[in-house]
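Coordinate inspection notes
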Amino acid sequence: QILEALAYVTMPYSEIATRVMFAGLSGYHIHLSTHRYASHVVQTILQLASVSSSDQDLALNDDAPQMSTENLLSLKDLIHGMVDELAPTASHLAVHVCGSHVLRSLVCFLGGVKIKQEKYTARRGKEKSKKKRKKKDVDSDKSHRSRHAGMVELVYEAKELTTSFRDTLQDLLKYIWNEGTNVGLQEM
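About the criteria used
Here, residues in each chain are numbered from 1, in the same order as that chain's written sequence. Totals for whole chains, interfaces and linings use every residue, but because this is a predicted model, local features are given only for residues with pLDDT of at least 70 and side-chain atom pairs only at 80 or more, for both listing and counting. Note that the side-chain values use all heavy atoms of the structure and ignore hydrogens as well as water. Helix numbering and strand numbering both begin at the N terminus, where a helix is a DSSP run of H or I of at least 4 residues and a strand a DSSP run of E of at least 2. We get accessible surface area from the Shrake-Rupley algorithm with a probe of 1.4 Å; when it comes to residues, only the shown protein chains can shield them. Per-residue confidence from the predictor is given as pLDDT, running between 0 and 100. Contact between two residues is taken to exist if any of their heavy atoms lie within 4.5 Å; hydrogens are not considered. Angular values range over 0 to 180 degrees, each being the angle between N-to-C directions of two axes fitted as lines to C-alpha atoms, with helices fitted over their stretch in contact. Oblique is the label for any angle not covered by the other classes, which are roughly parallel (under 35 degrees), roughly antiparallel (over 145) and roughly perpendicular (65 to 115). Think of it as three bins: nonpolar holds Ala, Val, Leu, Ile, Met, Phe, Trp, Tyr, Cys and Pro, charged holds Asp, Glu, Lys and Arg, and polar takes everything else, Gly as well. For patch detection, residues must exceed 30% relative accessible area and be free of salt bridges, and they are connected within 9 Å for like charges or within 5 Å for nonpolar side chains (Val, Leu, Ile, Met, Phe, Trp, Tyr). Salt bridges are defined by distance alone: a side-chain nitrogen of Lys or Arg within 4 Å of a carboxyl oxygen of Asp or Glu. We call a residue buried when its accessible area falls under 20% of the maximum for its residue type, exposed when it is over 50%, and partly exposed in between, using a 1.4 Å probe and counting protein chains only. Here the expected span of a helix is defined as 1.5 Å times the quantity of residues minus one. This arc corresponds to the set of directions leading from the helix axis out to the C-beta atoms. In protein, a polar contact means a hydrogen-donor-capable atom and an acceptor-capable atom, both N or O and within 3.5 Å, with residues adjacent in sequence counting only if both atoms are side-chain atoms; elsewhere, any N or O pair within 3.5 Å suffices. Any two rings among Phe, Tyr and Trp, with Trp reduced to its six-membered ring, count as a pair given centres within 6.5 Å; such a pair is stacked if its planes are under 30 degrees apart, edge-to-face if over 60, and tilted if neither.

Another point: the overall build of the protein. Scanning the protein for helices and strands turns up ten helices and two strands. Secondary structure elements of the protein occur, N-terminal to C-terminal, as α-α-α-α-α-α-α-β-α-α-β-α. When the accessible surface of the protein is totalled, it reaches about 12400 Å², and 52% of it is carbon and sulfur.

When pLDDT is averaged along the protein, the result is 76, and 66% of the positions lie at 70 or above. Predicted confidence in the protein is weakest over helix α9 (residues 142-145), with a mean pLDDT of 48, and strongest over helix α3 (residues 29-33), with 95. Contacts from residues 141-149, a stretch scored under 50 in pLDDT, to residues over four places away or in other chains number ten contacts.

Time to look at the packing of helix α4 (residues 38-49) against helix α7 (residues 99-110). α7 packs onto α4 with a crossing angle of 10 degrees between their chain directions and a minimal axis gap of 9 Å. As far as their axial angle goes, α7 and α4 are roughly parallel. Contacts between α4 and α7 involve Ser-39, Val-42, Gln-43, Leu-46, Gln-47 and Ala-49 from the first element and His-101, Val-102, Arg-104, Ser-105, Leu-106 and Phe-109 from the second. Of the residues that constitute the contact of α4 with α7, the class distribution is six nonpolar, five polar and one charged.

On the surface, Ile-2, Leu-3 and Leu-6 cluster together into a nonpolar patch covering about 310 Å² of accessible area. Considering the arrangement of structural elements, one finds Leu-6 in helix α1 (residues 2-10). Residue Leu-6 is classed as partly exposed on the basis of its relative accessible area, which comes to 42%.

Our focus in this paragraph is helix α5 (residues 75-86). When the terminal C-alpha atoms of α5 are compared, their 17 Å separation across twelve residues agrees well with the 16 Å that a helix rising 1.5 Å per residue should span. Inspection of α5 places Leu-75, Leu-78, Ile-79, Met-82, Val-83, Glu-85 and Leu-86 among the buried residues, and these make up the whole buried set. Looking straight down α5, one finds that the buried residues subtend no more than 165 degrees of arc, so they occupy a single side.

This brings us to the side chain of Ser-14. Note that Ser-14 resides in the loop between α1 and α2 (15-25). One polar contact links the side chain of Ser-14 to the main-chain amide nitrogen of Ala-17, over a distance of 3.0 Å.

Turning our eyes to something else, we now look at the environment of Cys-108. As for its position among the elements, Cys-108 is in helix α7. The class of Cys-108 is buried, set by a relative accessible area of 12%. Each C-alpha atom, one on Cys-108 and one on Gln-47, is 8.4 Å from the other, the two residues being 61 residues apart in sequence.

Attention now goes to the packing of aromatic side chains. Applying the stated rule across the entire model yields one aromatic pair. Here Phe-109 and Phe-165 contribute two aromatic rings whose centre-to-centre distance is 5.5 Å and whose plane-to-plane angle is 55 degrees, an arrangement assigned as tilted. Within this pair, whereas Phe-109 is found in helix α7, its partner Phe-165 is found in helix α10 (residues 163-176), the two being separated by 56 residues in sequence.

If you want it as structure tokens, here you go:
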């Protein structure tokens with residue numbers, strides 16, 4: 001949760017912060033993408049990477065802590081590194097309970113699609129018996145019993161596809177569709 005909060009606070013206002021976040025994930029993409037909680041952080045970072053609400057990078061402000069960006073790769077190179085790391089296991093990630101969400105976010109990022117709105121509906125705990133429910137709740141709750149325990153509704157907004165990621169997206173999709181050389185998650 002701390003990394004997600006940092007991402008929300010810094011990434012929309014600083015490309016350097018975005019690059020630092022991606023550099024921190026390098027080498028761990030497969031593990032993080034298949035982890036129940038870490039996959040949410042990776043998704044958030046991917047979603048925020050395409051959002052910039054500032055023309056001026058706040059990390060370059062005089063009041064910001066000074067840091068060297070000399071050895072920091074470009075965002076394009078970091079994204080290509082992420083794809084290179086995830087591509088061999090893409091067909092397995094596509095059916096993984098957590099990895100599929102990261103893969104969706106990565107494909108959206110590469111394809112220039114931004115998630116405009118996410119709406120979560122979830123029901124926690126088990127449903128009360130009819131005896132415990134009030135008479136008025138029984139009538140209004142009939143449709144609720146047939147719903148899934150948790151659902152996500154996503155609204156996408158298409159942006160312009162950058163040519164720098166078009167080939168990368170095509171290569172990743174080949175791996176997802178098993179047209180590339182795939183490696184199982186257990187072999188990694």
